[in-house]
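Structural description and commentary
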Amino acid sequence: QGRMITPELNGCRISILPVVKGLVSEYDRVKSQIDNSYDCVAVTLSIEDIEIFNASEYQDIEYDPSDFDAVYAHFLKQFGEVNVPVPAFKAVVDACRELDIKPVPLEMCDEEFTAAYCECVKVWDLLKEKRKLKKAMKKGFDMSSPESFLKGWDAMACSIKGNYAMTLRREEHIAKELFDLTNYKRSILAIIEYERVDGVLQELGAKI
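Below you will find a few notes about this structure. As the structure is a prediction and not an experimental result, all values here were calculated from the model.

Procedures and definitions
Residues numbered from 1 in each chain as written. Predicted model: local features only at pLDDT ≥ 70, side-chain atom pairs only at ≥ 80, totals over all residues. Heavy atoms only, no water. Salt bridge = Lys/Arg side-chain N within 4 Å of Asp/Glu carboxyl O. Helix = DSSP H or I, 4+ residues; strand = E, 2+ residues; numbered from the N terminus. Buried < 20%, exposed > 50% of the residue type's maximum accessible area, 1.4 Å probe, protein only. Contact = heavy atoms within 4.5 Å. Phe/Tyr/Trp six-rings, centres within 6.5 Å; stacked < 30°, edge-to-face > 60°.

Some remarks on the pattern of salt bridges
Counted according to the given criterion, the structure contains eleven salt bridges. Linking R29 and E26 is a salt bridge whose minimum nitrogen-to-oxygen distance equals 2.7 Å. Of this pair, R29 and E26 both sit in helix α1 (residues 26-31), three residues apart, which is roughly one turn of the helix. For the pair R29 and E26, one class covers both residues: buried. R196 is paired through a salt bridge with D154; the nearest N and O atoms lie 2.8 Å apart. Taken as a pair, R196 in helix α9 (residues 194-204) and D154 in helix α7 (residues 146-158) lie far apart in primary sequence, 42 residues in all. Summarising the burial analysis for this pair, R196 and D154 share the class buried. The structure contains a network of salt bridges with shared partners spanning K90, D94 and R97.

Side note on α9
All buried positions along α9 are accounted for by E195, R196, V197, G199, V200, L201 and L204. For α9, the elements touching its buried residues are β1 (8-9), β2 (12-19), α7, α8 (161-182) and β5 (187-193). One or two steps after α9, the chain reaches G205, where phi turns positive at roughly 70°.

Topic: the environment of V82
Residue position: V82 is located in the loop between α3 (67-76) and α4 (87-99). A relative accessible area of 24% places V82 in the partly exposed class.

Digging into the packing of aromatic side chains
A full pass over the atoms with the stated rule returns eight aromatic pairs. Between the aromatic rings of F141 and F149, the centroid separation amounts to 5.5 Å while the plane-to-plane angle is 80°, which identifies the pairing as edge-to-face. Residues F141 and F149 agree in their burial class; the two are buried.

Some remarks on unusual backbone geometry
Phi angles above zero are rare outside glycine, and N10 is one such case at about 60°. Here N10 is to be found in the loop between β1 and β2. Looking at N10, the relative accessible area reads 41%, which means it is partly exposed. The phi torsion at D100 lies on the positive side, around 60°, for a residue other than glycine. Locating D100 in the fold gives a position in the loop between α4 and β4 (104-105). Assessed through its relative accessible area of 70%, D100 is described here as exposed.

Comments concerning the side chain of S187
Relative to the helices and strands, S187 is located in strand β5. You can call S187 buried: its relative accessible area is 15%. Discounting residues that sit within four places of it in the chain, S187 has contacts with C12, R13, S37, Y38, D39 and C40.

Shape descriptors only; they carry no functional weight alone.
See below:
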């Protein structure tokens, strides 16, 4: 599950670790991959997300899942315990803190993300999402592996025009941030959610 992908780009070796968002078992798997052998550890979190994970009052933060997240968790729990915020990403922030290194955010900052979301996602997209979620609850997905489920889930999400536009915007941003890092780093560990990896690699034009 989640094998490392290591393209060479701009004279830099990028080790991409795909992760399954939400699975508690990902915490230990991801944490075990992070060490000082890389010039830099990057993750698809915003600068604000990293600050929240690092906050001493982190445990007290209440998270109210959307319908989308709740249905996602309903299916994902067939593969093990599920938790929010994302255990795989918390592992990155925790490991970096222990190693005294700063994780690099690959995600848009909150302000940029909100502006892009408002531009891409319209009211009718949200209405379509509700209908798609109802259908998904009846029809289900290929549950032979977490990755098979994620492919189906992402295809469902991206069949909504606004969501797809936002996904492309995110992949473009993540790829740009990664490419910028290759200008002054020789080795990068990038932790990216499984369903965004192919799109990011496409944006980078990297050959696996």
